[in-house]
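# Understanding the architecture of this molecule
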Amino acid sequence: MAHTETAYAKINLALHVRRRRDDGYHELETLFAFVDAGDRLTAQACGQDRLHVVGEFAGTLDNPFDNIVAKALGALPRGSGWHVTLDKRLPVAAGLGGGSADAGAVFRMVRDEYGLPEDWHARAARLGADVPACVESRTCIGRGTGTELEPVANDLSGSPVLLVNPRIPLSTGPVFKGWDGVDRGPMPEGSVREIASGGRNDLEASALALVPQIADVLSGLSASGAWLARMSGSGATCFALYDTAEQRDAAQSALPTGWWSLAGALR
């Protein structure tokens, strides 16, 4: 067997933090969406599971045995070991669900080759709150800690999108810790475009306090012709949605040379 799969970048078109739960986690309402590009994984049959990481951001993953790809391989029954090569194209600790997307890609490859066990959702959730959504990598609403998924018709499929990161890693834990605890209300209802337009990211203020450069990214994207510019997840990556690919590409060409960016379309 030989499989190649894209680990599609995850963005949160809206992210509402409602309360801190008794178990220490946060009650969320989020609108997940996925870009048609991301990391690339290639798997081949092998005597035992092996993971090889290459790509621009390979150096940020210094412990392959602790990598979520290795954990995903261990979480699913298969007929043989796999040698997986991970081409790490997405920045780490960036609000793009990169590790969760990688795990989701592993689940899809196993599904194609062997099928998934009935409890695959629970196995995915144990790896991370974003992993169940990343298995399908389709626009959906997430509730609870983000693992309770609700499908939604995507009227933004194919929309040009630009991802931008100032190349500053930002861990999720400190951002959630810095949330001010104020419940600013539920995520709006309606179409995906209406939810995205009327929603917000409640972690933005906390992320800005830790990485002020996020404000520069948002300011630049807001002035680039985008109809929506917002931080994704816990940051520091921000996204912008455009009416045309020409607008998106012009905005990307005007970015500071030191920033990371990815131009694509919503799935």
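Use the structure listed above.
Nothing here was measured: the structure is a model prediction, and the numbers come from that model.

### Some details on the pattern of salt bridges
Inspection of the entire model under this criterion finds 18 salt bridges. Note that Arg-18 and Asp-183 form a salt bridge whose closest N and O atoms lie 2.8 Å from each other. Taken together, the residues span a long stretch of sequence, with Arg-18 in strand β1 (residues 2-20) and Asp-183 in the loop between α5 (172-177) and α6 (192-198) at a distance of 165 residues. Here Asp-202 makes a salt bridge to Arg-200, at a shortest N to O gap of 2.5 Å. A relative accessible area of 9% means that Asp-202 is categorised as buried. A cluster of three or more residues bridged by salt bridges with shared partners is formed by Arg-19, Arg-21, Asp-23 and Glu-27.

### Concerning unusual backbone geometry
The omega torsion of the bond from Gly-235 to Ala-236 falls at 5°, within 30 degrees of zero and hence cis. With a phi angle near 55°, Ala-93 is a residue other than glycine that sits in the positive phi range. Relative to the helices and strands, Ala-93 is located in the loop between β4 (81-87) and α2 (98-113). Phi angles above zero are rare outside glycine, and Arg-167 is one such case at about 65°. By the secondary structure assignment, Arg-167 is in the loop between β7 (160-165) and α5.

Calculation notes
Residues numbered from 1 in each chain as written. Predicted model: local features only at pLDDT ≥ 70, side-chain atom pairs only at ≥ 80, totals over all residues. Heavy atoms only, no water. Salt bridge = Lys/Arg side-chain N within 4 Å of Asp/Glu carboxyl O. Helix = DSSP H or I, 4+ residues; strand = E, 2+ residues; numbered from the N terminus. Buried < 20%, exposed > 50% of the residue type's maximum accessible area, 1.4 Å probe, protein only.

By themselves these figures say nothing about function.
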